[in-house]
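# Observations on the three-dimensional arrangement
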Amino acid sequence: MDPPRYQGLRRKLVAHLRAQGITDERVLAAIERVPRHLFLESGLWEHAYEDRALPIAGGQTISQPYTVAFQTQLLAVEPGCRVLEIGTGSGYQAAILAEMGAEVYSIERVRELYQRAKALLQGLGYLVHLRWGDGRLGWPTYAPYDRILLTAAAPEVPDPLLQQLAEGGRLVAPVGPPQAPQEMILLIKKDGQLHKTYHGRFRFVPLQ
Ligand code: SAH
């Protein structure tokens, strides 16, 4: 299921991401290890290691590898971090986070995607907590989270997510209108206050 040819393509992808300015070695190592093709329909495997977004079920997309790397780097994930992801999609980003040693919680609104990601991540041996539901409400049971990552765009970050962010925690989200592009923002919670910085324009499917 992971032929040497794909391993070679992953190494090339990592070299490309490095050239594009990704510097977090743990992010790059995770991208080199996770078999992205398995998160796609077999008809798309040939394209799995190109730096582009690709269609998945439910009219959704698996984010472009550069975007995954960029968001993950901005999130500054450390082993043992409790991370909440909104928009499981294919499960690829969740696998990257798990590969980096995070304790991952991820919510998906499309049932079919939730079910597929669950089976796939389990099959690959990743221990992630998945939930089918509306990510705008967060997942209060396991809050607070050290890191929160939105992989779908909203005009603003839903309030419950801000509340479920731990003190000292980081939240990364594409913010803006449903018609892309949106702006990538990083929020850091310090002494109960949120500090916002802007990190460039990206294209995401809308948070619904
Ligand atoms: N992280 C994914 C990318 C998925 S694209 C991956 O690695 O493949 C964004 C995902 O967010 C889509 O699957 C979409 O169905 C989901 N989504 C949109 N609105 C949502 C909501 N309110 N709650 C949870 N998931 C949502």
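Our subject in this report is the structure included herewith. (Residues numbered from 1 in each chain as written. Predicted model: local features only at pLDDT ≥ 70, side-chain atom pairs only at ≥ 80, totals over all residues. Heavy atoms only, no water.)

The next subject is the site of the ligand. Neighbouring residues of the ligand: 25 residues in total, closest Glu-85, Ser-90, Glu-108, Gly-135 and Gln-208. In the model, an oxygen atom of the ligand is placed 3.1 Å from a nitrogen or oxygen of the Gln-93 main chain. Between the ligand and Arg-109 there is a distance of 3.3 Å, counted from a nitrogen atom to a backbone nitrogen or oxygen. Taken by itself the ligand offers 580 Å² of open surface, and the protein chains cover 99% of this. Elements with a contribution of two residues or more to the shell around the ligand: β2 (61-62), α4 (92-99) and β4 (103-108). (Near = heavy atom within 4 Å. Polar contact = N/O pair within 3.5 Å; in protein donor to acceptor, adjacent residues only side chain to side chain. Areas by Shrake-Rupley, 256 points an atom, 1.4 Å probe, with all protein chains shown as cover. Helix = DSSP H or I, 4+ residues; strand = E, 2+ residues; numbered from the N terminus.)

Once that is clear, we can look at the nonpolar core. Counting 54 residues, the largest nonpolar core has Ile-31 and Leu-121 as its most contacted members. Elements with a contribution of two residues or more to this core: α1 (4-19), α2 (25-33), α3 (65-75), α4, α5 (111-123) and β8 (182-190). What Leu-121 contacts, discounting residues up to four positions off in sequence, is Phe-39, Gly-91, Ala-94, Ala-95, Tyr-126, Val-128 and Leu-130. Core analysis: the next-biggest nonpolar cluster, separate from the first, contains 20 residues, Tyr-145, Ala-173, Ile-185 and Leu-207 among them. (Core = buried A, V, L, I, M, F, W, Y, C linked by side-chain atoms within 4.5 Å. Buried < 20%, exposed > 50% of the residue type's maximum accessible area, 1.4 Å probe, protein only. Contact = heavy atoms within 4.5 Å.)

The next subject is the pattern of salt bridges. Counted under the stated rule, the structure contains 10 salt bridges. Across the pair Glu-25 and Arg-18 runs a salt bridge, and its minimum N-O distance is 2.7 Å. Salt-bridge contacts for Glu-99 lead to Arg-33; the nearest nitrogen and oxygen are separated by 2.6 Å. Taken together, the positions of Glu-99 in helix α4 and Arg-33 in helix α2 put the pair 66 residues apart, joining distant regions of the chain. Under the relative-accessibility criterion, Glu-99 is labelled partly exposed at 24%. A relative accessible area of 44% means that Arg-33 is categorised as partly exposed. Each member of the salt-bridge network shares a partner with another, and the members are Glu-41, Glu-112 and Arg-116. (Salt bridge = Lys/Arg side-chain N within 4 Å of Asp/Glu carboxyl O.)

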